[in-house]
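An overview of the molecular structure
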Amino acid sequence: MNPQLFLAFIGVAVALACTPGVDWAYSIAAGLRERSLVPAVAGLCGGYVVHTALLTAGLAAVITGMPGLLGWLTVAGAAYLLWLGAGTVRSWRGASFGAADAPASARADAAASANQFRIFLQGMGTSGINPKGLLFFLALVPQFVSTDAALPVPLQSGLLGLTFVLLVAVIYSCVALLARKLLHSRPGAARRVTLASGVIMVGLGVVLLTEQLAPLLGRLAAAG
């Protein structure tokens with residue numbers, strides 16, 4: 001792999017991961033509400049691992065070439081963001097920092113494990129349909145793949161994708177930890193930040209849904 005291309009890729013990836021968006025909103029909300037931020041960050045990384053696998057297998061290009069399928073996937077993702085954001089908004093009054101005691105029974109342990117798995121899946125869904133992530137894997141990653149390199153193109157794509165996963169794991173963990181540290185003694189501010197995170201998710205969901213449904217409604221109006 002071309003070292004210069006790889007370093008340029010790292011610079012672009014870090015800049016993208018450091019740009020606040022829905023991933024940041026989910027990381028911060030999870031950092032404030034849960035005892036551990038690991039399931040949330042692992043879930044976000046899991047979504048990008050799926051993107052990496054699709055890119056490596058060449059399926060990302062196939063999906064991009066099917067505007068109808070991509071549109072419906074975006075609608076489903078928008079609906080998911082609306083649901084997740086609404087849940088975050090509803091929970092803003094109870095935002096805390098996971099200071100509760102450890103589970104005291106096997107039943108409580110099982111409930112905690114189930115909750116962590118739910119948080120992981122929510123994070124995976126969040127990054128899986130994040131437009132910023134989709135744009136990165138579909139449009140930007142291929143630009144850093146060299147056809148003259150010794151490594152095959154799919155392997156280069158996989159290495160670049162996993163590099164991005166590692167970078168976002170570090171950056172999103174720092175975001176969640178920093179939010180928790182700064183707001184630990186400010187419960188009022190923590191609740192407001194949680195509320196803002198939910199509003200960001202809902203807002204992005206509305207924008208995505210509007211972008212996909214507006215052309216459809218326009219065609220229906222013209223036909224009528």
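Structure shown above.
The text that follows walks through the structure, step by step, so that each part is easy to find. (Residues numbered from 1 in each chain as written. Predicted model: local features only at pLDDT ≥ 70, side-chain atom pairs only at ≥ 80, totals over all residues. Heavy atoms only, no water.)

Helices and strands together make up the secondary structure of the protein, namely nine helices and zero strands. The N-to-C order of helical and strand elements in the protein reads α-α-α-α-α-α-α-α-α. By residue count, 37% of the 224 residues in the protein fall in the buried class. Put simply, 89% of the contacts in the protein that link residues at least 6 apart link residues at least 24 apart. Of the roughly 11,500 Å² that the protein leaves accessible, carbon and sulfur atoms contribute 72%. (Helix = DSSP H or I, 4+ residues; strand = E, 2+ residues; numbered from the N terminus. Buried < 20%, exposed > 50% of the residue type's maximum accessible area, 1.4 Å probe, protein only. Contact = heavy atoms within 4.5 Å. Areas by Shrake-Rupley, 256 points an atom, 1.4 Å probe, with all protein chains shown as cover.)

Inspection of the secondary structure assignment puts Ala169 in helix H8 (residues 153-183). Spatially, the C-alpha atoms of Ala169 and Val38 are 9.5 Å apart, while their sequence positions differ by 131 residues. Ignoring sequence-local partners within four residues, the contact set of Ala169 consists of Val41 and Cys45.

Before going further, it helps to examine helix H3 (residues 38-57). In this model, H3 (20 residues) spans 28 Å end to end at C-alpha, consistent with the 28 Å of a helix rising 1.5 Å per residue. Of the positions making up H3, those classed as buried are Pro39, Ala40, Val41, Gly43, Leu44, Cys45, Gly46, Gly47, Tyr48, His51, Thr52 and Leu55. Once H3 finishes, Gly58 follows within two positions and takes phi at roughly 85 degrees, a positive value. (Expected span 1.5 Å × (residues − 1).)

The next subject is the side chain of Thr163. Assignment of secondary structure puts Thr163 in helix H8. For Thr163, the side chain forms a polar contact with the main-chain oxygen of Leu159, separated by 2.7 Å. (Polar contact = N/O pair within 3.5 Å; in protein donor to acceptor, adjacent residues only side chain to side chain.)

Mapped onto the secondary structure, Ser157 falls in helix H8. With residues near it in sequence (within four places) discarded, Ser157 still touches Thr52, Leu55, Thr56 and Val145.

Further remarks concern the environment of Pro142. You can see Pro142 is positioned in the loop between helix H7 (131-140) and H8. Sequence separation between Pro142 and Pro154 is twelve residues, and the spatial gap between their C-alpha atoms is 10.0 Å.

Core analysis: the biggest nonpolar cluster contains 40 residues, and Phe9, Phe136 and Phe164 have the highest contact counts within it. When residues of this core are traced back to their parent elements, those giving at least two are helix H1 (3-17), helix H2 (22-33), H3, helix H5 (67-90), H7, H8 and helix H9 (187-223). Counting residues per element, this core draws most heavily on H8, at eleven residues. Not counting residues up to four positions away in its chain, the partners in contact with Phe164 are Phe9, Ala13, Leu16, Tyr48, Phe136 and Phe137. (Core = buried A, V, L, I, M, F, W, Y, C linked by side-chain atoms within 4.5 Å.)

Looking now at the packing of H2 against H8. For any two helices packed against each other, one specifies the inter-axial angle together with the distance between the axes. The contact between H2 and H8 brings their axes to 8 Å, and the two run at 45 degrees. Taken together, H2 and H8 sit at an angle that is classed as oblique. For the element pair H2 and H8, the recorded crossing hand is right-handed. Contacts between H2 and H8 involve Asp23, Trp24, Ser27, Ile28, Ala30, Gly31 and Leu32 from the first element and Tyr172, Val175, Ala176, Ala179, Arg180 and Leu183 from the second. Residues of the contact of H2 with H8, tallied by class, amount to nine nonpolar, two polar and two charged. (Axes fitted to C-alpha atoms, helices over the stretch in contact; angles between N-to-C directions. Parallel < 35°, antiparallel > 145°, perpendicular 65-115°, else oblique. Left-handed = near helix turned anticlockwise from the far one by under 90°. Nonpolar A, V, L, I, M, F, W, Y, C, P; charged D, E, K, R; others polar.)

Looking now at the packing of aromatic side chains. Per the stated rule, a full pass over the model turns up five aromatic pairs. Measuring from ring centre to ring centre gives 6.0 Å for Tyr48 and Phe137, while their planes differ by 15 degrees; the resulting arrangement is stacked. In this pair, Tyr48 sits in helix H3 while Phe137 sits in helix H7, placing the two residues 89 residues apart along the sequence. Each member of the pair Tyr48 and Phe137 is classed as buried. With centroids separated by 5.7 Å and ring planes inclined at 85 degrees, the aromatic side chains of Phe137 and Phe164 adopt a geometry described as edge-to-face. Here the residue Phe137 occupies a position in helix H7, and Phe164 occupies one in helix H8, the gap between them amounting to 27 residues. Here the two residues Phe137 and Phe164 agree in accessibility, since each one is buried. Ring pairing ties together the aromatic residues Tyr48, Phe137 and Phe164, which thus form one cluster. (Phe/Tyr/Trp six-rings, centres within 6.5 Å; stacked < 30°, edge-to-face > 60°.)

Turning our eyes to something else, we now look at the packing of H3 against H8. At a minimum axis separation of 9 Å, H3 and H8 run at an interaxial angle of 170 degrees. Our classification of the angle between H3 and H8 gives roughly antiparallel. Classified by chirality, the crossing of H8 by H3 is right-handed. Contacts between H3 and H8 pair Val41, Leu44, Cys45, Tyr48, Val49, Thr52, Leu55 and Thr56 from the former with Pro154, Ser157, Gly158, Gly161, Leu162, Phe164, Val165, Val168, Ala169, Tyr172 and Ser173 from the latter. Class assignment of the residues belonging to the contact of H3 with H8 gives a composition of 13 nonpolar, six polar and no charged.

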